[in-house]
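Breakdown of the fold
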Amino acid sequence: MFWCHPIGWRNRRLPQTQDVKMRSFLPAVAEQLFRDIQKTYQETSKIPDDLLIALKFVFGPCALQALDLVDHRSVTCLTSPSGRKAFQVKGASGRLYTCFVSCHYCPCPAFAYTVLRRDEGLLCKHILAIYLCQALGLTQQESVSDQHMSALLGGSAAVDT
């Protein structure tokens, strides 16, 4: 049914467990697609055409833009000693976007307009690039202090990568 109604997944109830995975905000077809990409990439170091087509079908035009961000190694995972995690994605314009995949949020205009306001997309290219980098093992890692993470969470700091 997802193929006919791509936005209907938002109305489903999330599992009430302590072990909710980061991707629980995505429909099952998207989760499976990331697993297939991860498995194939681990075995062949390539993403085959059929999975690229599926990526474009599920995520639309932002799929190609996200792949470009992945190619440019634009995703950094920031981790603090207290275990907090945020991602920074350097956009095509050079601007850094601090994204929180755990709550499915990006501060970019496309996320606000396409995902939140118009409800026309599952996510923006920045969050998709995060999921792809994680699946491919291409996420850059950086440790930051708890104070710096607090500033990021409060929206008052950015880390230059």
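A short tour of the structure in this document, coming up. Small disclaimer: the values here were computed from a predicted structure and weren't measured.

A look at the overall build of the protein chain
Across its full length, the protein chain carries 6 helices and 4 strands. The order of helices and strands in the protein chain, counted from the N terminus, is α-α-α-β-β-β-α-α-β-α. Expressed as a percentage of its 161 residues, the buried residues of the protein chain come to 40%. The long-range share in the protein chain, meaning contacts at least 24 apart out of those at least 6 apart in sequence, stands at 55%.

Side note on the state of the cysteines
Taken as a whole and assessed by the stated rule, the structure comprises 0 disulfides. Between Cys103, a cysteine without a disulfide, and Cys99, which holds the nearest cysteine sulfur, the sulfur-to-sulfur distance is 9.8 Å.

Let's talk about helix H5 (residues 125–136)
A rise of 1.5 Å per residue sets the reference length of H5, with its 12 residues, at 16 Å; its end C-alpha atoms lie 16 Å apart and thus fit the reference within 8%. The element H5 is extensively covered by neighbouring structure, given that 10 of its 12 residues are classed as buried. For H5, every residue scored as buried is listed here: His126, Ile127, Leu128, Ala129, Ile130, Tyr131, Leu132, Cys133, Ala135 and Leu136. Where H5 ends, the next residue or the one after it, Gly137, has phi of about 70°, a positive value.

So, how was this worked out
Residues numbered from 1 in each chain as written. Predicted model: local features only at pLDDT ≥ 70, side-chain atom pairs only at ≥ 80, totals over all residues. Heavy atoms only, no water. Helix = DSSP H or I, 4+ residues; strand = E, 2+ residues; numbered from the N terminus. Buried < 20%, exposed > 50% of the residue type's maximum accessible area, 1.4 Å probe, protein only. Contact = heavy atoms within 4.5 Å. Disulfide = S-S within 2.5 Å. Expected span 1.5 Å × (residues − 1).

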